[in-house]
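Examining the three-dimensional arrangement
Take a look at the letters that make up each chain.
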Amino acid sequence: EKNSKMIIDGDGQYLILNLKEDSKFSIYALIAWLKSSAFLWYLTKTSETTKLYYPSVFNMIIVPNLKCFFKGEKIEKLSKEIIDMEREFLGVVDDLQELPEDVTDEDEERTIDKINRHITEHNKRIKKIFSQIDDIIFNAMKLSEDQIKVIYDDLKAANLLPSEED
């Protein structure tokens, strides 16, 4: 459909979320919401899976009417920043993976180490941004520290959030 803004695809099925042109919501902020700790926690409490492309799960998606999800707000900017960082990351990894035919085992091992360090640093930067997004959402929802702790503890127990050591 020509007006589609976001596609959720999987297992040969796809569902399309449309935003009206005059919507106050930012598609970038909505994508962040669908990856947020608050939304994942909601799914764990209302569904047996987090697979959004399942119609039973898709039909349960809620989006709080919070200003932080509107166009021009901080979450939209952070989401765009993540997209830019992902593009840059993939470009660097692609460049690092291009090894000459006569590469030595030592050079290959150094390249693998360099890629792994790049992945680790990239993931740390992304994790920081998602933490900011979670903080904005929790603040907008007026959640207490105890409620936030419950969300994080539940997500860790469900293996949907990395432990502090990661």
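Before going into details, it helps to say that this report is about the structure given with it. (Residues numbered from 1 in each chain as written. Predicted model: local features only at pLDDT ≥ 70, side-chain atom pairs only at ≥ 80, totals over all residues. Heavy atoms only, no water.)

**Observations regarding the side chain of Thr-49**
Formally: Secondary structure elements are taken from DSSP: a helix is a run of H or I of four residues or more, a strand is a run of E of two residues or more, and numbering for both begins at the N terminus. Whether two residues are in contact is decided by their heavy atoms: any pair within 4.5 Å suffices.
By the secondary structure assignment, Thr-49 is in the loop between α2 (37–46) and α3 (55–58). Excluding its chain neighbours within four sequence positions, the residues that come into contact with Thr-49 are Leu-43, Tyr-54 and Val-57.

**A look at the packing of helix α1 (residues 27–34) against helix α4 (residues 74–97)**
As a reminder of what qualifies: Whenever a helix is involved, its axis is fitted only over the stretch in contact; in every case the axis is a line through C-alpha atoms, and angles between N-to-C directions fall within 0 to 180 degrees. Oblique is the label for any angle not under 35 degrees, not over 145, and not in the 65 to 115 range, which are roughly parallel, roughly antiparallel and roughly perpendicular in turn. Polar here means any residue other than Ala, Val, Leu, Ile, Met, Phe, Trp, Tyr, Cys and Pro, which are nonpolar, and Asp, Glu, Lys and Arg, which are charged; Gly is therefore polar.
The contact between α1 and α4 brings their axes to 8 Å, and the two run at 80°. Regarding the angle of α1 to α4, the classification is roughly perpendicular. Taking contact as the criterion, the partners of Tyr-28, Ala-29 and Ala-32 in α1 are, on α4, Ile-75, Glu-76, Ser-79, Lys-80 and Ile-83. Residue classes in the contact of α1 with α4 are distributed as five nonpolar, one polar and two charged.

**Some thoughts on the pattern of salt bridges**
Threshold: Here, a salt bridge means any side-chain nitrogen of Lys or Arg that lies within 4 Å of a carboxyl oxygen of Asp or Glu.
Tallying each qualifying case throughout the model produces seven salt bridges. Glu-73 is the salt-bridge partner of Lys-67, the closest N and O atoms lying 3.2 Å from each other. The salt bridge involving Lys-124 is made with Glu-121; its shortest N-O contact spans 3.6 Å. With Lys-124 and Glu-121 both in helix α5 (residues 105–140), this residue pair falls three residues apart, about one helical turn. It is possible to trace a salt-bridge network through shared partners that takes in Glu-106, Asp-107 and Arg-110.

**Structural notes on the packing of aromatic side chains**
The cut-off we apply is this: Aromatic rings from Phe, Tyr and Trp, with only the six-membered ring used for Trp, were paired whenever their centres fell within 6.5 Å, and each pair was classed as stacked if the ring planes differed by under 30 degrees, edge-to-face if by over 60, and tilted otherwise. Think of it in three bands: with a 1.4 Å probe and only protein chains considered, a residue is buried below 20% of the maximum accessible area for its type, exposed above 50%, and partly exposed in between.
Inspection of the entire model under this criterion finds five aromatic pairs. Relative to Phe-70, the ring of Phe-25 lies with its centre 5.5 Å away and its plane at 90°, an arrangement referred to as edge-to-face. A residue pair is termed long-range when its members are at least 10 positions apart, and Phe-25 in the loop between β2 (13–17) and α1 and Phe-70 in the loop between α3 and α4 qualify at 45 residues. Each member of the pair Phe-25 and Phe-70 is classed as buried. Between the aromatic rings of Phe-138 and Tyr-152, the centroid separation amounts to 5.6 Å while the plane-to-plane angle is 80°, which identifies the pairing as edge-to-face. Here Tyr-152 lies in helix α6 (residues 145–157) and Phe-138 lies in helix α5, a separation of 14 residues in the sequence. Aromatic ring contacts, followed pair by pair, group Trp-33, Phe-39, Tyr-42 and Phe-69 into a single cluster.

**Examining the packing of α4 against α5**
It is at 11 Å that the axes of α4 and α5 come closest, and there the two elements cross at 175°. Our classification of the angle between α4 and α5 gives roughly antiparallel.

**Regarding a negative patch on the surface**
Which entries qualify depends on this criterion: Residues qualify for a patch when their relative accessible area is over 30% and they have no salt bridge, like charges being joined within 9 Å and the nonpolar side chains of Val, Leu, Ile, Met, Phe, Trp and Tyr within 5 Å. Computed with a 1.4 Å probe, the accessible areas rest on the Shrake-Rupley method; for each residue, only the protein chains presented here act as cover. We score Asp and Glu as negative and Lys and Arg as positive, and we do not count His or the chain ends. Where a charge lies is defined by one atom per residue type: Lys uses NZ, Arg uses CZ, Asp uses CG and Glu uses CD.
A cluster of acidic residues, Asp-105, Glu-108, Glu-109 and Asp-113, forms a negative patch on the protein surface. You can see Asp-113 is positioned in helix α5. According to the relative accessible area criterion, Asp-113 is partly exposed, its value standing at 38%.

So far we have only geometry, and geometry alone does not tell us how the molecule works.
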